[in-house]
Amino acid sequence: MWIRLWTLIQKELIQLLRDRRTLILVMVGSAIEVFLFSAAVHTDVKNIAMVVADQSRTTASRQYLDAFTTSGTFDIIGDVSGEQAVVDAIDSGQANIGIIIPPDFSDQLEQGRATVMMLLDGSSSYTTQSAYNAANSISQQYAVSLIGQQASSPLMLHTQILYNPDLIDLWFVLPALMIFIMQALSMNFTSLCVVRERELGTIEAILVTPIRPLEFMIAKSIPQLLVSFTTGIVFFIEAVFILGIPFLGSALLLVVVSLIGILCGLGLGLVISTAVQTQNQSYQLSGLINVSAMFLGGIFYPSYTLPIVLRWLGYIFPSTYLVPIVRGMFLKGISPLDLWPQTLAMILLMIGTFAIAARLFRQSLD
Amino acid sequence: MEINLQRLKALTRKEILQFLRDRRLLMLILGMPVLQLVLYGYAATLTVYHLPMAVVDQSNDTKSRQFIAAMVNSQYFDLTLRLDSQEELTHAIDLGQAKVGLMIPPRFATSVDKGDANILLYLDGTDSASVQSGYGAAALIAQNEATQLQAWKISHLPPNSTSDTLPVTALSRVLYNPNLIDIWFILPGLVGVVLQTLAITQAALIVVRDRELGTIEPILSTPARPIEILLSKVIPLLVLCFFALMLLVGIGVFWFGVPFRGNLLLYFLVALLFIFSSLGFGLLLSVRANTQMEATQYGMVFMLVGMLFSGFMYPLSNMPLPLQVFGSIFPVTYFIRISRSIFLKGVGLNFIWSDALVLAAYCVVIILVVSRVFKQRLD
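The following paragraphs examine the structure supplied in this document. Not measured: the values here are computed from a predicted model.

How each quantity is defined
Starting from 1, residues in each chain are numbered consecutively following that chain's sequence as written. Chain letters and ligand numbers both follow the written order, the letters beginning at A and the numbers at 1. Per-residue local features are limited, in this predicted model, to residues with pLDDT of at least 70; the limit for side-chain atom pairs, both in listing and counting, is 80 or more; totals at the level of whole chains, interfaces and linings are taken over all residues. Side-chain measures here rest on the full set of heavy atoms in the structure, leaving out hydrogens and waters. A run of H or I in DSSP counts as a helix once it spans at least four residues, and a run of E counts as a strand once it spans at least two, with each numbered from the N terminus. Atoms considered for the radius of gyration are the C-alpha atoms alone. The globule rule reads 2.2 Å times the number of residues to the power 0.38. Only protein chains enter the accessibility calculation, which uses a 1.4 Å probe; a residue is then buried when its area is under 20% of its type maximum, exposed when over 50%, and partly exposed in between. To define axes, lines are fitted to C-alpha atoms, for helices over the stretch in contact only, and angles between the resulting N-to-C directions are given on a 0 to 180 degree scale. Angular relationships are summarised with four words: roughly parallel below 35 degrees, roughly antiparallel beyond 145, roughly perpendicular across 65 to 115, and oblique for the angles in between. The hand of a helix crossing depends on one turn: near helix anticlockwise from the far one by less than a right angle means left-handed, and clockwise means right-handed. Any pair of residues with heavy atoms lying within 4.5 Å of one another is described as a contacting pair. Should DSSP find at least two bridges between two strands, the strands are regarded as paired. Assignment of crossover handedness uses the view with strands pointing away from the viewer, where a clockwise path from the first strand over the helix to the second indicates a right-handed crossover. By salt bridge we mean one thing: a side-chain nitrogen of Lys or Arg within 4 Å of a carboxyl oxygen of Asp or Glu. Patch construction takes residues with relative accessible area above 30% that form no salt bridge. Like charges are linked within 9 Å, and nonpolar side chains (Val, Leu, Ile, Met, Phe, Trp, Tyr) are linked within 5 Å. Method for areas: the Shrake-Rupley scheme with a 1.4 Å probe, in which residue coverage is limited to the protein chains shown. Only Asp, Glu, Lys and Arg are considered charged, only Ala, Val, Leu, Ile, Met, Phe, Trp, Tyr, Cys and Pro nonpolar, and every remaining residue, Gly among them, polar. Each Phe, Tyr or Trp ring (for Trp, its six-membered ring) is paired with any other whose centre lies within 6.5 Å, and the angle between the two planes then decides the class: stacked below 30 degrees, edge-to-face above 60, tilted in between.

**Describing the overall build of chain A**
- Helix and strand counts for chain A come out as 14 helices and five strands.
- Here the C-alpha atoms of chain A give a radius of gyration of 28 Å, more than 25% beyond the 21 Å that 2.2 N^0.38 yields for 366 residues.
- Viewed in the frame of its principal axes, chain A has a C-alpha envelope of about 95 × 45 × 40 Å.
- Scored against the burial criterion, the 366 residues of chain A give a buried share of 55%.

Okay, here's the thing in structure tokens:
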């Protein structure tokens, strides 16, 4: 049996190596993704374009507007006449926020009841949320400074951000992305490789030999395990040595948990392969599963914010367990044993998917 | 580049039949937009509420309880753990039992009266959601409390709402999406991302499949010209993508209640330009790719690029210039801008004509390039 298995694995490896272009595409693609993400991910918004309709044109109104420009959050890109002009500027996308200061602003201010109007572009999410919070807080601070002059605040909130003091987004994103890539690769590729044989008809030739379904399954998985694992290593090296993300845990244990995660992905891939007939179907189904994993598997959004039913669905993805473990290993320096419930759940998931895959696989081949 | 309509009709019919036969694939393809809408509608929130919070209250007086209550009432935090020391607090965050830790030092009420009260907030820096939402919310709550106290001290008025006592009030109005509902922001962009991925990968896969299975040879040996073969493959996909578009818009508007304020006909016309140019991209890819596996890899890259550099998730204006240029290669970047404008702002052609013109130019260029490349490749 071992000899047969070994020959089969050899065949798969040769086949994998022959399609160089796909292999290179997978490796280089994942490697480039790290840099793409590192360049794209900026959730803090600066220099939001702002138009102003200053109908007062007094020292008071200019001081009020100065509070906005000096904050660095807003760039005043234009001075317009009135509300309609502000709405037009937002409609055409030139500005994301507009402020209208009424003609009698400085008189109102002396009476202590000045009102300004802010208009915000509600069609682009990140900018709106940040602009809304920042503008209100700037205005409030300005108001307090008027009445209190330099009075210090009676209540101070000191915030300490543990493990990522400068709030670098990449530190959150990359460990999760690494898991996502390994999971997606192991799942999609395994399923594609099996279905490919079926679509091209080459599976028949293998089935007439004494090879058993289980051996076929193992032989198909091993090259994918190597590809996913190598990609993970490339990713890790880039993240830690090029982008400088701290890794405080044990590298050996990271290898162990990653392998368990990849095996879960392989098992899921084998299960998928039994449900589809063509590579196109397999690609579409994997796409559905990948997108679900991004949302439900704790990669983009933490799973505790999900409605309960969706949280249950998330439990079938290895990333649900792997993301907290690996993020913790990167930034907190914990060991997988600290999060033993997650580690245990992942091992059970691995055994479970392989058992199901083996069963379905035998049926689908017979 | 003459086209024989009768031949084109026959070829297109064959492709449509082939498509309809594979029901499972059709369902999987149309499942994607539905799934994404459901996930974005129900699972994803840009603001995270109910963060699990651990509290160490060393004062346990009225003022400290009042502050904790203000945190919990904001809906941003759930009080899940009460602990006794700072070590326990950090340990709880280490293990992920709490995402936020709040520590109130002894004699809080007295220090508030004296005006030098301090509160310590710990945030789990490994969890972006907790940090971004938690930090903003806690800072705002603390500032509100402080402003109220301060205004009260200076004016000796009862500490009710700050707006009565402050000399400047900012009234803000969010245009187009007054309640800041996430799915309203997301849907117009999602249409672009889903359609581009679908169009590019399906166009590439369908042509490559014929080549991989060898079924392209019999078609080539007929009098059909390359351009006719290509068009016959593109037309069913165009219909399919358009169907997916209607599915997205329909579910978004009727199920999630996203308002559609612009001209629907104009929207569909621009969308057709966009779908057509994306299909052209897919055909170009099919020239490069030899196997379906390779084509799917390209498809994944395009999905990622579409999400990251189209302005869907992160505003393009925040990125370095080379990436902005990179983002503007893809039709989706223009379509998302148009989609947001027509959908939520309800503006007309006079506001979007430049982006629409780019998409139209795309279609022309891509037809020319594809028909040229294909002639070479097939001959």
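**Things to note about the packing of helix α2 (residues 23-43) of chain B against helix α8 (residues 182-213) of chain B**
Residue and element names in this part refer to chain B.
- Close contact between α2 and α8 brings their axes to 10 Å; oriented N to C, the two are set at 155 degrees. Taken as axis vectors, α2 and α8 run roughly antiparallel relative to one another. Read as a crossing pair, α2 and α8 show a hand that is right-handed. The residues of α8 that touch α2, namely those facing Ile29, Pro33, Gln36, Leu37, Tyr40 and Gly41, are Ile183, Ile186, Leu187, Leu190, Val194, Leu198 and Gln202.

**Quick notes on unusual backbone geometry**
Residue and element names in this part refer to chain B.
- Of note in the backbone geometry, Asn60 takes a positive phi value of approximately 55 degrees without being a glycine.
- Take Asn60: it is sitting in the loop between β1 (51-57) and α3 (62-73).
- Positive phi, normally seen in glycine, also occurs at Arg107, with a value near 55 degrees.
- You can see Arg107 is positioned in the loop between β3 (100-104) and α5 (108-114).

**Points about the pairing of strand β2 (residues 77-82) of chain B**
All names here are of chain B.
- Pairing between β1 and β2: five bridges, direction parallel. Across the sheet, Ala54 pairs through a bridge with Leu81, a residue of β2.
- Crossover handedness for the path β1 to α3 to β2: right-handed.

**Things to note about the pattern of salt bridges**
- Under the defined criterion, the tally for this structure stands at 17 salt bridges over all chains.
- The residue B:Arg7 makes a salt bridge to B:Glu228 at a minimum N-O spacing of 2.8 Å. With a gap of 221 residues between them, B:Arg7 in helix α1 (residues 5-21) and B:Glu228 in helix α10 (residues 226-255) connect regions that are remote in the sequence.
- When its relative accessible area of 26% is taken as the criterion, B:Arg7 is described as partly exposed.
- Connected via shared salt-bridge partners are A:Lys11, A:Glu12, A:Glu197 and A:Lys220.

**Description of a nonpolar patch on the surface**
Residues and elements named next belong to chain A.
- Taken together, the side chains of Phe35, Ile233, Ile237, Phe241 and Ile242 make up a nonpolar region of the molecular surface, amounting to roughly 500 Å² of accessible area.
- Ranked by residues supplied to the nonpolar patch, first place goes to helix α9 (residues 213-242) with four residues.
- Tracing the chain through its elements places Ile242 in helix α9.
- What makes Ile242 exposed here is its relative accessible area of 55%.

**What about the packing of helix α10 (residues 251-275) of chain A against helix α13 (residues 318-332) of chain A?**
All names here are of chain A.
- Between α10 and α13, the shortest axis-to-axis distance is 11 Å and the interhelical angle comes to 165 degrees. Taken together, the axes of α10 and α13 are roughly antiparallel relative to one another. Crossing handedness for the pair α10 and α13: left-handed. Mapping the contact onto sequence places Leu253, Leu254, Val257, Gly261, Cys264, Gly265 and Leu268 in α10 and Pro318, Leu322, Ile325, Val326 and Met329 in α13.
- Residue classes in the contact of α10 with α13 are distributed as ten nonpolar, two polar and no charged.

**Points about the packing of aromatic side chains**
- The full count for this structure, using the stated rule, is 24 aromatic pairs over all chains.
- Residues A:Phe247 and A:Phe330 carry aromatic rings whose centres are separated by 5.1 Å and whose planes lie at 85 degrees to one another, so their mutual orientation is edge-to-face. Taken together, the residues span a long stretch of sequence, with A:Phe247 in the loop between α9 and α10 and A:Phe330 in helix α13 at a distance of 83 residues.
- Between the aromatic rings of B:Phe281 and B:Phe330, the centroid separation amounts to 6.0 Å while the plane-to-plane angle is 35 degrees, which identifies the pairing as tilted. In this pair, B:Phe281 sits in helix α11 (residues 264-288) while B:Phe330 sits in the loop between α13 (321-327) and α14 (331-345), placing the two residues 49 residues apart along the sequence. Residues B:Phe281 and B:Phe330 agree in their burial class; the two are buried.
- Site record: aromatic cluster; members linked through ring pairs are B:Phe242, B:Phe260, B:Tyr267, B:Phe268, B:Phe274, B:Phe335 and B:Phe343.

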